[in-house]
Every structure is written in structure tokens, then in C-alpha cells.
Amino acid sequence: MAILVTGGLGYIGSHTVVELINNNYEVIIVDDLSHSEKFILHNIEEITGKRPIFYPFDLKRKELLNQVFDAHSIEGCINFAAFKAVGESQVKPIDYYENNLFSLINILQEFKERNISNFIFSSSCTVYGQADEMPINEDTPLKMPESVYGKTKQMGEEILADFAKGYNKKISLLRYFNPIGAHDSALLGELPIGIPNNLVPYVMQTAAGVREKLSVWGDDYPTSDGTAVRDYIHITDLAKAHVAALKKLMNNQSADSVIDIFNLGTGRGSSVLELVKAFETANNVEVPYQICERREGDITIAYANADKAEKELSWKAETSLEQSLKTVWEWQKYLQSRSN
Ligand code: WQD
């Protein structure tokens, strides 16, 4: 019996595949390599001693996906495969709706036809928009996200809730806050493809001299130091939450539909400048920066109430911001050694 991991060579996917293998699951990866590279598969094998079965194709190719389900006895899916650049989604909306939703529906068609349950969806705290109160709970009212990327996440959640109710399926919606960090082995991390959209990869490349200086998007927010606050969660902690969520679904013998929802964060907020300082201190490096105008669509503050995941999944983020940022620097040094 196997677990299908779509986008399994991506940043969060690859770290989750390692934790699945460490928990003795058989893993089938489908990844179109649009946001990853084949060497990640080799590094997963180096870390775990096992090489997952890997199919390099786009999930919109229904006929190829059908062959995978014919060839393997799949008992669950963790669906990471999606485009995720907030800014890009604004200028390529139909590409984002097509890719993120068609691929999801293709998998659900197979689940429906073959009566498979246990579906874990990679969602995001972006579905809350700017929440009125902190910390953010799972029953905090959702707001229409500003970005097309965020809308595809919210629509994905709606599709899955109807799938669970319509066919008595078990699903888990995992709302990530801000994933950061790299694997302790420094063999896995966030692969920089083009100019990084997210803060931590940009900080990493600035410290390494790949970028001249970091633009801090706004210091006039109503926060302690004027810069925006987020909940930065270490990637391996996040990966472990996926295994715990999968185990919960698979251990639930109920014949009824199950719709789990979990906020996955540390419960602590850090400002942009606090993160920059933490990176410099953790790695004894300098990160030159300049204060710029706010970025369109950014919210002021978001951090999780992760009590529900702690209670129902027996899971808690264990890694400090500084420790996570140390793994980022080790990953950057590994990438530089590969390019030499
Ligand atoms: C964090 C903070 C920026 C870059 C988004 C998605 C979320 C998740 C993570 C996709 C903000 C500031 C950033 C820079 C900066 N999914 N910043 N200079 O926007 O909180 O979340 O990415 O991966 O669903 O919504 O993350 O890392 O882009 O920004 O000042 O060069 O850092 O303004 O305050 P965000 P981020």
C-alpha cells in the first residue's frame, strides 16, 4: 500500500517524503520538475537509504495519472503540487486556476472511481486574509484572499469539503503559516528558481552575496518595529505534521466523512527585521537591507494558534527561529559547493 505525494520533489514535498519513509510508508512521487530538480530524488535516497518511485509528469495529464493508480495500490495522497508565487498569480490567473485546480480534480476523480480515501491538502494561512484577531484559530472566519494563488487554496478547500461530504471521504486541510529552513543534512531545502519571492530565500542569497541587498517591504506597519509579522515554521516540523495528520486519517475507521483542519505554525510572530537580525546572529553574517514601500497585497500580521494540532495530532513545532535559520545557511553552502 502506498502514499501518492504530488510535488514530492518540491520544498515541502521532499521533506515530507523523508518523514514518510522514516515512518515506513511506501511513497510514490509525481512531480513535473517545474519547481524542482532530479538531484533532490537522489538526496532523498542518500538521507533515507530508500529511493521513492518517481514519475516525472504534469498532473493535468489524466491518462498518465490513471496509469499510476493502475500500477500501484494507493491508499492516500498528500497533494503539494501547485504554483505558489503570489505576485506571479496576479499576472497569470488562468494558468494558476488551471494548474492548481485541474490537477487537484484529476486526483479526486481517481479517488472517487477507485473508492480511495485519506487526502491531505497543502493549504495556507492566506485563506484568512488579514485576520481581525491574533493568534489565528481554525474557526477564525475566512476572507477572500487578495491573490489568485490564495483563491486557488480557498477553492481547493471548498472542493475537498464537498468531495468528503459527497463521497464519505476523509480529508485533512493543513493551513501552513510561513515555512522556512532546510533539512539537517543540508541535502534538502528551498531551491532558488529565479528571484526569490519569499523573505528567507532572499535573505539567504543576500548574505551569500548573490543579491546586493534585501528590500524590506514597508516599515510603517502597526507593529513593534514597523515591519510585518509572520509565523515562521521550520520545514521539518511542518513535514512531521503531515505524517501525523495522515496517521490520524488512516486510523479513523469511521464510515462517515472526516474533514480535519489544522493551522500549522509555531504560535509565535516575528517581524521582518527580527528575522534578519536572527539570521545574522545565528550565522555570524551580514544582511544588507534597504527600507522600501509596502508590497501590494501584504498583510500586517499573522501567527497561529496551533493548540488544535498539538491536541489532536500530538504535534508541536520544536525548532527555534535561530536554529531553523542556521539550517538555511548550511543549505546555501551546500548549493554553492554544488555549483563550484
Ligand atoms: C514574508 C514577509 C513581506 C520578501 C506567502 C504566501 C503564503 C506562503 C508563503 C507560499 C512579508 C516581507 C518578503 C522580501 C520583504 N505560501 N518580505 N522582502 O507573503 O507572508 O506568504 O508565502 O509559499 O501562502 O502568502 O511570505 O516570505 O513572501 O513574506 O520584506 O524580499 O517578508 O513583505 O511581510 P508571505 P513572504
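What you are looking at is a predicted structure, and each value in this text was computed from that prediction instead of being measured.

Analysis parameters
Residues numbered from 1 in each chain as written. Predicted model: local features only at pLDDT ≥ 70, side-chain atom pairs only at ≥ 80, totals over all residues. Heavy atoms only, no water. Helix = DSSP H or I, 4+ residues; strand = E, 2+ residues; numbered from the N terminus. Rg over C-alpha atoms; globule rule 2.2 N^0.38 Å. Buried < 20%, exposed > 50% of the residue type's maximum accessible area, 1.4 Å probe, protein only. Areas by Shrake-Rupley, 256 points an atom, 1.4 Å probe, with all protein chains shown as cover. Lys, Arg positive; Asp, Glu negative; His and termini not counted. Charge placed at Lys NZ, Arg CZ, Asp CG, Glu CD. Contact = heavy atoms within 4.5 Å. Core = buried A, V, L, I, M, F, W, Y, C linked by side-chain atoms within 4.5 Å. Pairing = 2+ DSSP bridges. UniProt positions renumbered as here; feature names shortened; annotations may be inferred. 1 Å grid on protein atoms, 1.4 Å probe; cavity = no way out; pocket = protein on both sides within 12 Å on 5 of 7 lines; lining within 4 Å. Points joined across faces, edges and corners; volume = space filled by probe spheres on them. Nonpolar A, V, L, I, M, F, W, Y, C, P; charged D, E, K, R; others polar.

Enquirer: Can you tell me about the overall build of the protein, naming the residues and giving the values?
Expert: Helix and strand content of the protein: eleven helices and 13 strands. The C-alpha atoms of the protein give 19 Å as radius of gyration, which agrees with the globular expectation for 340 residues (20 Å, within 12%). Taken over the C-alpha atoms alone, the protein extends approximately 55 × 50 × 40 Å along its principal axes. Relative to its 340 residues, the protein shows a buried fraction of 56%. If you sum the accessible surface of the protein, you get close to 14,800 Å²; carbon and sulfur atoms cover 47% of it. Taking the average location of the 33 positive side-chain charges in the protein and that of its 46 negative ones, the two points are 3 Å from each other.

Enquirer: Describe the environment of E45, and please don't skip the residues or the numbers.
Expert: Along the chain, the position of E45 falls in helix α2 (residues 39-48). Setting aside anything within four residues of it in sequence, one finds E45 in contact with K50 and R51.

Enquirer: Kindly report on the nonpolar core, identifying the contributing residues and their values.
Expert: L20, I44, L264, F279, L325 and W331 are the most contacted members of the largest nonpolar core, which totals 69 residues. Examining the composition of this core, we find that nine residues originate from one element, helix α8 (residues 235-251), more than from any other. Sequence-distant contacts of L325, that is, excluding residues within four places in its chain, are made with I180, V200, L275, A278, F279 and N283. Judged by nonpolar contacts, the second largest core, of 24 residues, contains F69, I74, F121 and F163.

Enquirer: Can you break down the pairing of strand β11 (residues 258-264) residue by residue, with the values?
Expert: For β11, the buried fraction is high: five of the seven residues fall into the buried class. As judged from the seven bridges shared by strand β6 (residues 170-176) and β11, these two strands associate in the parallel manner. Bridge pairing in β11 places L174 opposite F262.

Enquirer: I'd like to hear about the UniProt feature "domain: NAD(P)-binding" (unreviewed entry) in the protein, residue by residue, with values.
Expert: When the UniProt feature table is mapped onto this chain numbering, "domain: NAD(P)-binding" (unreviewed entry) sits at residues 4-326. Here residues 4-326 runs as 40% helix and 17% strand, with 31 Å between its end C-alpha atoms.

Enquirer: I'd love a proper account of empty space enclosed by the protein, names of residues and values included.
Expert: Taken as a whole and assessed by the stated rule, the structure comprises two cavities of 30 Å³ or more. Of the pockets and cavities examined, the largest cavity occupies roughly 60 Å³. Lining the largest cavity, in full, are N79, F80, A81, A82, N100, L101, F121, S122, T152, K153 and G156. Contributions of two or more residues to the lining of the largest cavity are made by α5 (93-113), β5 (119-124) and α6 (148-167). With three residues, α6 is the single largest residue contributor to the lining of the largest cavity. Considered class by class, the residues forming the lining of the largest cavity number five nonpolar, five polar and one charged. A volume near 50 Å³ is recorded for the second largest cavity. Taken together, Y11, G181, E190, V200, P201, M204, V328 and W331 form the lining of the second largest cavity.

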